[in-house]
Amino acid sequence: MLRLPLAQPEATAPDKLPLDLEDAILQLRQQRNAVILAHYYQDSEVQDLADFVGDSLQLAQAAQRTKADVILFCGVHFMAETAKILNPTRTVLLPDLAAGCSLADGCPPEKLRLWMDRYPDHTLVSYINCSAAVKAMSDCIVTSSNAEKIIRSYPASQPILFAPDQHLGRWLIRQTGRDNMVVYPGSCMVHEIFSERELVRLRMDHPRAQVLAHPECDERVLRHADFVGSTSAIIRYAVDSPAQEFIIATEPGVIHEMQKRAPGKRFIPAPAEGGCACNQCPHMRLNTLEKVYLALRDLSPEVTLPEDLRLRALRPIEKMLALS
Ligand code: 13P
Ligand code: SF4
C-alpha cells in the first residue's frame, strides 16, 4: 500500500516559535491555568521561569498542593510521574518524555522482584528515583531530604531492602548504623563520575573551600565532604555557612540558586574523571525553553499511567509525605 508522507503538524513546526519565548510561555501559562515546577538541575533560564524550584521532595509537595489545571514539570520522568500519581485529574506535562534517570532505568520491576525474592523477610524502601511500578512494590518512598528520618522510623529489628541507589543506601547505613539493610546495585551516572583524585587536587588549590556533596556520590567522594545532603540542603548550607568558597559535588545546575542567594561567594563544580564536563545530567538538560513553550501550547507530551498502578504507587508516596 502506498503511504503518503504525513504533513508536519503545524503545532510542532519549529519555524512557528515566537521571538520572545519567555513572554509567550508566561502568556500560555496564564491561558492554561498552569503551574511550572522545576528541579534545581534545570538550565538556569528554565529555573528562572518556573513558579517553584525545588528538590524532589519539595516538588512532590508542591504538586500535592497545587490547584492549577496543568502541571508543567521541568525535571525528569519519575518526578512528573509522581506529580501525576498525586494528581490524577490534572494534566501533567513533561517537556521531553525522553528525560529519564539512570537510577530508574537500571531498576526494572522484574529485576527488582528477582532480587527481592532472595530476602523474603525484608521490607522494600525505595528512593523516589524509580518508576511507578517499583513504587507500587515498595512499603515507603524516600528522597535524599527525608531518607534518614524515614529509615530511622522503622523498628531496628525490621530488615530493609533499599533500592535503587547503592551509594545513598550505603550512606544511610553509615548514618543510621543499621546492619540489617541490603542495598540494590544501582547508581546515578552523573554522581558516580566525580573523581576522588581530581577532588583532592582541587582542594589543594582551594584549601579554604568546603566540599558539599549529594549522597548519590560514591563513598570515596563522600568521605571528603564537609556536608552531605539533598540539593536543597546543599544550597541552604552554602548560603548559611560563613565559608566563602565551596566545591559542589552534585549536578552543577544547583549553582544557579546558590549564586542568586549568595552572590559574593564562590562555587566551584567538582571535577569528573578525566576532566570531562559529564557532571551535567543529560536527562534533566533535555528540557529547553523551546520544549516548555511547545508543551504548553500543544498540551503534550503528557504523562499518564493506568489507574490501578497509580493507586498502588500512591500508597507509599502518601506514607512518605506523612512522615516528612
Ligand atoms: P534531590 O532530591 O536532592 O533534589 O535529588 C534529585 C536527584 O535526582 C539527584 O540526582
Ligand atoms: Fe537521575 Fe542522576 Fe539525573 Fe538525578 S542526576 S535525575 S539521579 S540520572
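Residues numbered from 1 in each chain as written. Chains lettered and ligands numbered in written order. Predicted model: local features only at pLDDT ≥ 70, side-chain atom pairs only at ≥ 80, totals over all residues. Heavy atoms only, no water.

**What about the overall build of the chain?**
- Across its full length, the chain carries 15 helices and twelve strands.
- Against the globule reference of 20 Å for 324 residues, the chain gives a C-alpha radius of gyration of 20 Å, in line with a compact fold.
- By its C-alpha atoms, the chain is 60 × 50 × 45 Å across when sized along the principal axes.
- Across the 324 residues of the chain, 57% fall into the buried class.
- Considering only intrachain contacts with a sequence separation of at least 6, the fraction spanning at least 24 residues in the chain is 63%. (Helix = DSSP H or I, 4+ residues; strand = E, 2+ residues; numbered from the N terminus. Rg over C-alpha atoms; globule rule 2.2 N^0.38 Å. Buried < 20%, exposed > 50% of the residue type's maximum accessible area, 1.4 Å probe, protein only. Contact = heavy atoms within 4.5 Å.)

**Observations regarding helix α3 (residues 56-65)**
- Taken together, the buried positions of α3 are S56, L57, L59, A60, A62 and A63.
- Its buried side turned inward, α3 meets β1 (34-39), β2 (52-54), β3 (70-74), α4 (77-86) and α15 (307-323).
- Its side-chain oxygen 3.1 Å from the backbone nitrogen of L57, D55 forms the N-cap of α3. (Polar contact = N/O pair within 3.5 Å; in protein donor to acceptor, adjacent residues only side chain to side chain.)

**A few points about the sheet that holds strand β12 (residues 266-269)**
- Taken in spatial order, the four strands of this open sheet run β10-β9-β11-β12, and their pairing is parallel. Lying at the two open borders of the sheet, with one neighbouring strand each, are β10 (227-228) and β12.
- Inspection of the sheet shows strand β11 (residues 245-249) paired to β12 by four bridges, in the parallel sense. Within β12, the residue paired with I247 across the bridge is I268.
- The strands touched by helix α12 (residues 231-240) are β9 (210-213), β10, β11 and β12; relative to β9, the strand with the most contacts, the crossing angle is about 160 degrees.
- Against the sheet, helix α13 (residues 254-261) touches β11 and β12, its axis set at about 170 degrees to β12. (Pairing = 2+ DSSP bridges. Axes fitted to C-alpha atoms, helices over the stretch in contact; angles between N-to-C directions.)

**A closer look at the packing of α12 against α13**
- Direction vectors running N to C along α12 and α13 enclose 30 degrees, while the axes themselves pass 10 Å from each other. The angle between α12 and α13 falls in the class roughly parallel. Helix-helix and strand crossings are classified by hand; for α12 and α13 the assignment is right-handed. Along its contact with α12, which presents T231, I234, I235, R236, A238 and V239, the element α13 presents V254, E257, M258 and R261.
- Residues that form the contact of α12 with α13 fall into these classes: six nonpolar, one polar and three charged. (Parallel < 35°, antiparallel > 145°, perpendicular 65-115°, else oblique. Left-handed = near helix turned anticlockwise from the far one by under 90°. Nonpolar A, V, L, I, M, F, W, Y, C, P; charged D, E, K, R; others polar.)

**Comments concerning the sheet that holds β3**
- As summarised here, the arrangement of the four strands in space is β2-β1-β3-β4, forming an open sheet in which the pairing is parallel. Every other strand in the sheet has two partners, leaving β2 and β4 (91-93) as the edge strands with one partner each. Within this sheet the neighbouring strands show an average axis-to-axis angle of 20 degrees, counted without direction.
- As defined by bridge partners, β1 adjoins β2 across three bridges and the pair is classed as parallel. The partner of A38 across the bridge, within β2, is V53.

**Observations regarding the nonpolar core**
- F162, M258 and M320 are the most contacted members of the largest nonpolar core, which has 104 residues in total.
- Beyond its immediate sequence surroundings of up to four residues, M258 is in contact with I234, I235, A238, I248 and F267.
- Counting residues in hydrophobic clusters, the runner-up holds eleven residues, among them C107, M116, L124 and A163. (Core = buried A, V, L, I, M, F, W, Y, C linked by side-chain atoms within 4.5 Å.)

**Here's the deal with the site of ligand 1**
- Surveying the vicinity of ligand 1 reveals the residues H39, Y41, D55, S56, N129, S144, H191, H214, E216, S230 and T231.
- Interatomic distance of 2.7 Å between a side-chain N/O atom of H39 and an oxygen atom of ligand 1.
- Taking H214, its side chain carries an N or O atom lying 2.8 Å from an oxygen atom of ligand 1.
- The protein chains hide 96% of the 300 Å² of surface that ligand 1 would expose on its own.
- Split by residue class, the shell around ligand 1 holds one nonpolar, eight polar and two charged. (Near = heavy atom within 4 Å. Areas by Shrake-Rupley, 256 points an atom, 1.4 Å probe, with all protein chains shown as cover.)

**Side note on the side chain of E251**
- Assignment of secondary structure puts E251 in the loop between β11 and α13.
- Residues contacting E251, with those up to four places away along its chain left out, are Y41, V190, H191, N279, Q280, C281 and R285.

**Details of unusual backbone geometry**
- In this structure, the amide linkage connecting A163 to the following residue, P164, adopts the cis form with an omega of -5 degrees.
- The topology assignment puts P164 in the loop between β7 (160-163) and α9 (166-176).
- For the peptide bond that leads from S300 to P301, omega is 0 degrees, which places it in the cis range.
- Along the polypeptide, P301 turns up in the loop between α14 (289-298) and α15.
- Despite not being glycine, N33 shows a phi value in the positive range, around 50 degrees.
- As for its placement among the helices and strands, N33 is situated in the loop between α1 (21-31) and β1.
- Given a relative accessible area of 36%, N33 falls into the partly exposed group.
- Even without glycine at this site, L299 takes up a positive phi of about 50 degrees.
- Relative to the assigned elements, L299 resides in the loop between α14 and α15.
- Classification of L299 by relative accessible area gives partly exposed; the value is 31%.

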